[in-house]
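Here are the chains, one letter per residue:
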Amino acid sequence: MLASSNSLATPRSLDRTRIKRLISSCGIEAWFVQDSTVPLISMEYAFTGGATQDPAQRPGVAHMVSGLLKEGSGEFDFKTFHQRLDRRAIELQFHATHDHFHGALRTIEDSAEEAFELLRIALTSPRFEAADVERNRAAVLARLRQDSTDPSSLARRKFLEVAFGDHPYARPVDGYLGSVPKIEAEDLKGYVRRVIAKDTLKIAVVGGVDPEAVCKLLDKTFGSLPSNAEAMPVADVIASKPPQRVFIQLDVPQTVVTFGGPAVRRSEPDFMPAYIVNHILGGGGLTSRLFREVREKRGLAYSVSEQLVWLDHSAMFLGTSGTCADRAGETVEEIEKQVRQIAGEGPTQQELEDAKSYLKGSQLVALNTSSKLARTLLQHQLDKLPIDYLENQNTVVDAVTLEDAKRAAKRLWGGGLLTIIVGRAPKDAAQAASVPSGTTAPPGADQLDAGPTTPPNLFSSSPCA
């Protein structure tokens, strides 16, 4: 799900991490950093078209594909494929988000040829054997049953259902209890045919190998993929405008509050002001306004935080808090008060300077491994940022003025909040968290995963700005 925390990040040393754009003989493009600090190759890559490409009546296809690509491919069954990986300590990972199908490879240089060959086989010749599919399906269903009684999962799912209605973003990446049993092997094969293609592929590689060797590995791995994906178009969408409030009754010790609303797209000029002012309100951990006012001063919540989430076709701010049932109403009121205040007045000059200083300082230590650097470079490509963005982002941060921050705060929070509350309902909490007039009360928790009206998992947030 909307998943990881956003952070501005700069490599350990720009001199050591000068980024090159490589284009192989087969036309495979990658951003590459040659770094011989350790004899390791880290590659992150993604294909456009994640869970939004699932059949509307069978959400969960992309998620199941991600769990099955290394469960048997080509001539290797499940056991043999994993033995080949384990023998050389090769790490292959796959996961789906709403917008992209992601993969990662980690290997020592001496095992690079075999590692990239196993990846090629996984992407081009997945077997989807019946026994493997059923084992994966059972694991997915077990997790969905667990989520059906988890207040945080219910709150996140309901939030996106209300926010996005009939848009693909409102469907869960991992599917519903009612949809996953309907997924067949042909659905999985069809997804691979439609999505895994060269024209939407983005790649980042960090390692001690030379550029020529990287290009050969890329050609070998991705060169035989179809030239063009056959993805279904996905419309841009604005999350439902607040204020709205929904209460879901669930007998659990801690009440969970999820809140949010429409935000700023990554491509918009106001993104960086919004990112900084969001850090001030709820993204700055122990230094944020929400943490200070809700948790420290009033002791209303066990935790409270908020972040920006940007997607290919939308953007949101999302927050969460955990509290006790009899203080849920008071917690929501204080969160709303803080949101109204920063929307109306904006941050102070001191808050702005402190936030900018923190974000710039954290950049120096945020990317301390080749994997983190590769992941960030991939995200920059998905965000359509220039290849030299890492070198220039401090300048972008410095350019944000107090007026910029005030404008962004009003845009983000001037309309109020869409709030989902999940937990027990004592008299005072129930009254504070009641569904407003004209809003249909949600079904009981035992109904939430019954079929296509089930709300989705939260997106994973982007790893860097």
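Refer to the structure above for everything that follows.
Residues numbered from 1 in each chain as written. Predicted model: local features only at pLDDT ≥ 70, side-chain atom pairs only at ≥ 80, totals over all residues. Heavy atoms only, no water.

1. Observations regarding the overall build of the protein chain
Here is step 1: A count of helices and strands for the protein chain gives 15 helices and 11 strands.
Here is step 2: For the protein chain, the proportion of its 465 residues judged to be buried stands at 57%. (Helix = DSSP H or I, 4+ residues; strand = E, 2+ residues; numbered from the N terminus. Buried < 20%, exposed > 50% of the residue type's maximum accessible area, 1.4 Å probe, protein only.)

2. Quick word on the sheet that holds strand S4 (residues 91-96)
Here is step 1: Spatial ordering of the open sheet is given by S1-S2-S6-S3-S5-S4, a layout of six strands whose pairing is mixed. A strand with exactly one partner marks an edge of an open sheet, and here the two such strands are strand S1 (20-23) and S4. This sheet shows a mean twist of 20° between the axes of neighbouring strands, independent of strand direction.
Here is step 2: Taken together, the four bridges between S1 and strand S2 (residues 29-34) define a ladder with antiparallel strand orientation. When the bridges of S2 are listed, leucine 22 appears paired with alanine 30. (Pairing = 2+ DSSP bridges. Axes fitted to C-alpha atoms, helices over the stretch in contact; angles between N-to-C directions.)

3. Considerations on the environment of arginine 295
Here is step 1: With respect to the element layout, arginine 295 can be found in helix H9 (residues 289-297).
Here is step 2: We classify arginine 295 as partly exposed; its relative accessible area is 36%.
Here is step 3: Taking the C-alpha atoms as reference, arginine 295 lies 9.2 Å from threonine 331; in sequence the two are 36 residues apart.
Here is step 4: Residues contacting arginine 295, with those up to four places away along its chain left out, are Leu290, Leu300, Ala301 and Tyr302. (Contact = heavy atoms within 4.5 Å.)

4. Observations regarding the packing of aromatic side chains
Here is step 1: Going through the model one piece at a time under the given rule, you end up with 10 aromatic pairs.
Here is step 2: Their ring planes at 65° and their centres at 6.3 Å tell us that tyrosine 275 and tryptophan 310 sit as a pair that is edge-to-face. Pair noted here: tyrosine 275 is in helix H8 (residues 271-283) and tryptophan 310 is in strand S9 (residues 303-310), with a separation of 35 residues, a long-range link.
Here is step 3: Residue classification places tyrosine 275 among the buried positions, given a relative accessible area of 7%.
Here is step 4: Members of the aromatic cluster, each reached through a chain of ring pairs, are Tyr45, Phe47 and Phe222.
Here is step 5: One cation-aromatic arrangement involves arginine 135 over phenylalanine 78; the distance from NZ or CZ to the ring centre is 4.2 Å. (Phe/Tyr/Trp six-rings, centres within 6.5 Å; stacked < 30°, edge-to-face > 60°. Lys NZ or Arg CZ within 6 Å of the ring centre and 35° of its normal.)

5. Focus on the sheet that holds strand S11 (residues 418-423)
Here is step 1: Here five strands make up an open sheet; going across it, the order is S7-S11-S8-S10-S9 and the pairing mixed. Looking at which strands have only one partner, the edges of the open sheet turn out to be strand S7 (244-249) and S9. In this sheet, neighbouring strand axes are inclined to one another by 15° on average, regardless of whether the strands run parallel or antiparallel.
Here is step 2: Pairing analysis gives eight bridges linking S9 to strand S10 (residues 315-323), with the strands arranged antiparallel. Residue pairing for S10: leucine 308 is matched across the bridge by phenylalanine 317.

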